[in-house]
Amino acid sequence: MSAVTNKGGDGPTERDKLALYRPDLTQVLNAADAPHYRYAQVYEHLMRRPEAPLSKAGNLPLSLRSALEEAGSCSLKLDRRREDDEGTTKVLLTAGDGSQIEAVAMRYNRRVTVCVSTQVGCSLACTFCSTGAMGFARDLTVAEIVDQVRILIPLLREEGREVTNIVFMGMGEPLLNLDAVLAAIKLLKDPDGLGFAQRALSVSTIGIPAGIRRLASEEPQVNLAISLHAPDDELRTRLIPANRRFPLKEVLAAADDHFAITHRKLFVEYVLLEGVNDTRRHAEALARLLRGRVLTVNLIPWNPGCGDYEPSQPEIATAFRDALQTRGLEATLRLGRGRSISAGCGQLATKTAGRGGAKHRVKKPS
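Residues numbered from 1 in each chain as written. Predicted model: local features only at pLDDT ≥ 70, side-chain atom pairs only at ≥ 80, totals over all residues. Heavy atoms only, no water.

Caption draft 1: Spatial organisation of the pairing of strand E4 (residues 112-115). Burial along E4 is two-sided: Val112 and Val114 and Thr113 and Cys115, pointing in opposite directions, are all buried. Of the pairings in the sheet, the one linking strand E3 (residues 100-107) to E4 comprises four bridges and is antiparallel in character. For Ala105, the partnering residue across the bridge sits in E4 and is Val114. Hairpin connection, E3 to E4: the antiparallel pair is bridged by four residues. Across three bridges, the pairing between E4 and strand E7 (residues 165-168) is parallel. Following the sheet pairing, Cys115 is matched in E7 by Val167. (Buried < 20%, exposed > 50% of the residue type's maximum accessible area, 1.4 Å probe, protein only. Helix = DSSP H or I, 4+ residues; strand = E, 2+ residues; numbered from the N terminus. Pairing = 2+ DSSP bridges.)

Caption draft 2: Just the sheet that holds strand E11 (residues 295-301), in detail. Spatial ordering of the open sheet is given by E1-E2-E3-E4-E7-E8-E9-E10-E11-E12, a layout of ten strands whose pairing is mixed. Only two strands of the sheet have a single neighbouring strand rather than two, namely strand E1 (76-83) and strand E12 (330-333). Ignoring strand direction, the axes of neighbouring strands in this sheet form an average angle of 25 degrees. In this sheet, E12 lies alongside E11 in parallel orientation, the contact comprising four bridges. Within the sheet, the bridge partner assigned to Val297 lies in E12 and is Ala331. (Axes fitted to C-alpha atoms, helices over the stretch in contact; angles between N-to-C directions.)

Caption draft 3: Quick peek at the side chain of Thr94. Inspection of the secondary structure assignment puts Thr94 in strand E2 (residues 88-95). Thr94 sits in the buried class, given a relative accessible area of 12%. A distance of 2.2 Å separates the side chain of Thr94 from the side chain of Asp79, its partner in a polar contact. Among the polar contacts listed, one links the side chain of Thr94 to the side chain of Gln100, at a separation of 3.1 Å. Ignoring sequence-local partners within four residues, the contact set of Thr94 consists of Ser75, Leu76, Lys77, Asp79, Ser99 and Gln100. (Polar contact = N/O pair within 3.5 Å; in protein donor to acceptor, adjacent residues only side chain to side chain. Contact = heavy atoms within 4.5 Å.)

Caption draft 4: The environment of Thr131, seen in detail. Checked against the element boundaries, Thr131 lands in helix H5 (residues 130-134). Exposure remark for Thr131: the relative accessible area of 4% places this residue in the buried category. With residues near it in sequence (within four places) discarded, Thr131 still touches Gly121, Cys122, Met171, Gly172, Gly346 and Leu348. Here Leu348 takes part through its backbone oxygen, which lies 2.4 Å from a polar atom of the side chain of Thr131.

Caption draft 5: Representation of the packing of helix H11 (residues 280-290) against helix H12 (residues 314-326). Contact pair H11 / H12: the axes reach a minimum separation of 9 Å and the direction vectors enclose 35 degrees. Crossing of H11 over H12 shows right-handed handedness. Residue-level inspection shows His282, Ala283, Leu286 and Ala287 of H11 in contact with H12, the latter providing Phe320, Ala323 and Leu324. Of the residues that constitute the contact of H11 with H12, the class distribution is six nonpolar, one polar and no charged. (Left-handed = near helix turned anticlockwise from the far one by under 90°. Nonpolar A, V, L, I, M, F, W, Y, C, P; charged D, E, K, R; others polar.)

Now the structure itself:
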């Protein structure tokens, strides 16, 4: 992967940014012996006019436009778009090698959040997640991450809306593709490009300690969300097999280091599974585990897809939230979005096959 370089202390040039984003286009410009300002024109066109192919870049010579367009204006192709009645859009995107991923746009009153994927499938095999049941095929490139946003921007602009927030919460584990994720973040927040505010970006992880610490060091203003889903190692390992490698003590130690560096609130994601992790005993244990930290617990209803589970009943979910709040934790019940089009948390999956993931059941306590 090409690195962003600092030339004379003035920061990365558009040539550096284009090389980070689309090294293939940089090679086309290199082969044409194009002057430096052409790199800036190509980069600006791709970022500022994501709806327009490079063949429409009128400030470029026709011969150069043709060569660039042959390489492609986007690393992904929009194959299918699905909408629900609550303002959620899910898109199926296909890469040049035929791999498929999904991304989601969620409309709220004053904001639009785009949920992007970072891998084709996932290797972690969380027992409640459809992506994990796919298995893992490959990491996404920097361009394939950024282009999910570029594809959704014009779709939303057609209705007079702008993307305001980006969450790395789609298919895959972002911290297992961290080089590409960090490069994508640099491009997404670039004021000369897409220009998203750093605090409008969030990365969700099951908890990869080394990745959490690196994210804190390199992108301290980006939000961190940790998918916890259980208050103890025994249950968490049954739900998230990777907990054997990254147990709660190590994950929370890394989260504490993240806070020491960034002073940013941690977001804890907790999927409520009926009779599995949603009892008062679980709430009390979770409160003890997280006590003293600056965080918000987001309680998420389980979405049908993978695993023999049921979502917690509304009164049980409310009682769980209240138990956390009584013990001094900030906790919210997240509204389920996109279920009817399989666009909710844990529902993203495509037919692209990696290592096959089994469907699981975690027994309810007797």
